[in-house]
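Coordinate inspection notes
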Amino acid sequence: TQLLEQSPQFLSIQEGENLTVYCNSSSVFSSLQWYRQEPGEGPVLLVTVVTGGEVKKLKRLTFQFGDARKDSSLHITAAQTGDTGLYLCAGEEAAGNKLTFGGGTRVLVKP
Amino acid sequence: KAGVTQTPRYLIKTRGQQVTLSCSPISGHRSVSWYQQTPGQGLQFLFEYFSETQRNKGNFPGRFSGRQFSNSRSEMNVSTLELGDSALYLCASSSAARQGSVTQYFGPGTRLLVL
């Protein structure tokens with residue numbers, strides 16, 4: 001069974017600060033996805049990274065996939081209150097549409 | 001395009017009962033996956049259906065079953081409910097004809113409470 005560990009579990013910061021969330025595994029995934037989930041909603045895909053060493057930027061969010069395709073990070077620059085939510089990483093196994101999710105990082109950005 | 005819809009949104013059942021949850025995928029999507037989300041275990045994959053066939057299965061007991069209809073709508077059934085089945089059940093659809101590297105779009109979930 002492939003496992004994904006996210007850290008930290010909870011992060012509370014002030015608006016304008018930066019934050020980084022980590023997602024680590026001992027297994028290789030064909031791709032790694034980051035989602036954000038808000039209360040009462042399903043997860044919404046932010047980005048998919050496929051190539052080892054890949055870096056993707058989405059406005060103030062920067063996503064990195066490790067060279068060995070086992071780990072990833074999400075960095076938010078100058079966080080805003082709208083960034084508050086549960087951030088989930090998910091690894092896709094080569095075998096199919098089966099996502100293995102990390103435990104999630106709950107981010108609270110205070111005004 | 002309408003998103004993934006799930007019904008009902010909330011459900012209360014008692015131990016021993018059974019429950020059926022419904023998911024309507026995005027129009028044109030033929031793959032539907034089901035996930036269980038709990039505070040303790042996080043999001044866990046239940047199963048995936050494509051063209052009315054179960055294509056992938058997670059590590060859940062046989063009390064959890066599903067099916068998919070010819071219009072791609074899917075249902076999930078849980079029999080002999082246990083307290084631990086209380087969770088948010090999420091459905092996700094994708095257009096994948098072949099497996100792998102596809103975007104899955106999640107519905108808002110059905111929150112099930114077992115008393």
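Note that the coordinates shown come from a computational prediction; the quantities given were computed from them, not determined experimentally. (Residues numbered from 1 in each chain as written. Chains lettered and ligands numbered in written order. Predicted model: local features only at pLDDT ≥ 70, side-chain atom pairs only at ≥ 80, totals over all residues. Heavy atoms only, no water.)

1. Side note on the pairing of strand β7 (residues 64–68) of chain B
Residue and element names in this part refer to chain B. Operational definition: Only when DSSP finds a minimum of two bridges between them are two strands counted as paired. Helix and strand assignments follow DSSP, with helices taken as H or I runs no shorter than four residues and strands as E runs no shorter than two, numbered in order from the N terminus.
Sheet topology places β7 next to strand β8 (residues 74–78); 5 bridges connect them, and they run antiparallel. When the bridges of β8 are listed, Gln68 appears paired with Ser74. Joining the antiparallel neighbours β7 and β8 is a turn of 5 residues, in which Ser72 adopts a positive phi near 80 degrees.

2. Some details on the pattern of salt bridges
Test applied: Any Lys or Arg side-chain nitrogen located within 4 Å of an Asp or Glu carboxyl oxygen qualifies as a salt bridge. Buried residues are those whose accessible area, probed at 1.4 Å on protein chains only, stays under 20% of the maximum for their type, while exposed residues exceed 50% and partly exposed ones sit between those limits.
Scanning the entire structure with this criterion turns up 8 salt bridges over all chains. Note that Asp83(A) is salt-bridged to Arg60(A), the shortest N-O span being 2.9 Å. Here the residue Asp83(A) occupies a position in the loop between β8 (71–76) and β9 (85–92), and Arg60(A) occupies one in the loop between β6 (55–58) and β7 (61–65), the gap between them amounting to 23 residues. Of the residues examined, Asp83(A) reaches a relative accessible area of 4% and is grouped as buried. Relative accessible area serves as the criterion here: at 24%, Arg60(A) is assigned to the partly exposed category. Across the salt bridge formed by Glu75(B) and Arg67(B), the nearest N and O atoms sit 3.2 Å from each other. Judged by relative accessible area, which is 46%, Arg67(B) ranks as partly exposed. In the salt-bridge network here, residues are joined through shared partners; they are Arg63(B), Glu82(B) and Asp85(B).

3. Notes on the sheet that holds strand β3 (residues 19–24) of chain A
Sheets are built from strands paired through backbone hydrogen bonds, the pairs being either parallel or antiparallel. All names here are of chain A. Here is the rule: Only the stretch in contact is used when a helix axis is fitted, and all axes are lines through C-alpha atoms; the angle between N-to-C directions ranges over 0 to 180 degrees.
Reading across from one edge, β1-β3-β8-β7-β6 is the order of the 5 strands in this open sheet, with antiparallel pairing throughout. One side of each edge strand has no neighbouring strand; the edge strands of this open sheet are β1 (5–7) and β6. Direction aside, the axes of adjacent strands within the sheet are offset by 15 degrees on average.

4. As for the pairing of strand β4 (residues 31–37) of chain A
Residues and elements named next belong to chain A. The buried fraction of β4 is high, at 6 of 7 residues. Where β4 lies against β9, 7 bridges are found, and the strand directions are antiparallel. Each residue of the ladder has a partner; that of Ser31, found in β9, is Glu92. Bridge analysis of β4 against strand β5 (residues 44–49) gives 5 bridges, and the strand direction is antiparallel. Across the sheet, Arg36 pairs through a bridge with Val44, a residue of β5. Where β4 folds back onto β5 in an antiparallel hairpin, the turn is made up of 6 residues, including Gly40, whose phi is positive at roughly 80 degrees.

5. Topic: the interface of chain A and chain B
Let me state the cut-off plainly: Between two residues, a contact is recorded if the distance between any of their heavy atoms is within 4.5 Å. Two parts lose some accessible area (1.4 Å probe) when they are put together, and adding that loss for both gives the buried area. The definition of a polar contact used here is a pair of N or O atoms within 3.5 Å, where within protein one atom must be able to donate a hydrogen and the other to accept one, and adjacent residues in sequence count solely through side-chain atom pairs.
Listed by partner, the interface residues are 19 residues for chain A and 25 residues for chain B. Of the roughly 1,600 Å² buried where chain A meets chain B, counting both sides, 48% is carbon and sulfur surface. At the junction of chain A and chain B, the tally comes to 0 salt bridges. Our count for the contact surface shared by chain A and chain B stands at 4 residue pairs in polar contact (both at pLDDT 80 or more). Breaking the side of chain A that touches chain B down by element, the ones donating at least two residues are β4, β9 and β10 (99–101) of chain A. For the side of chain A that touches chain B, the element with the highest residue contribution is β4(A), accounting for 4 residues.

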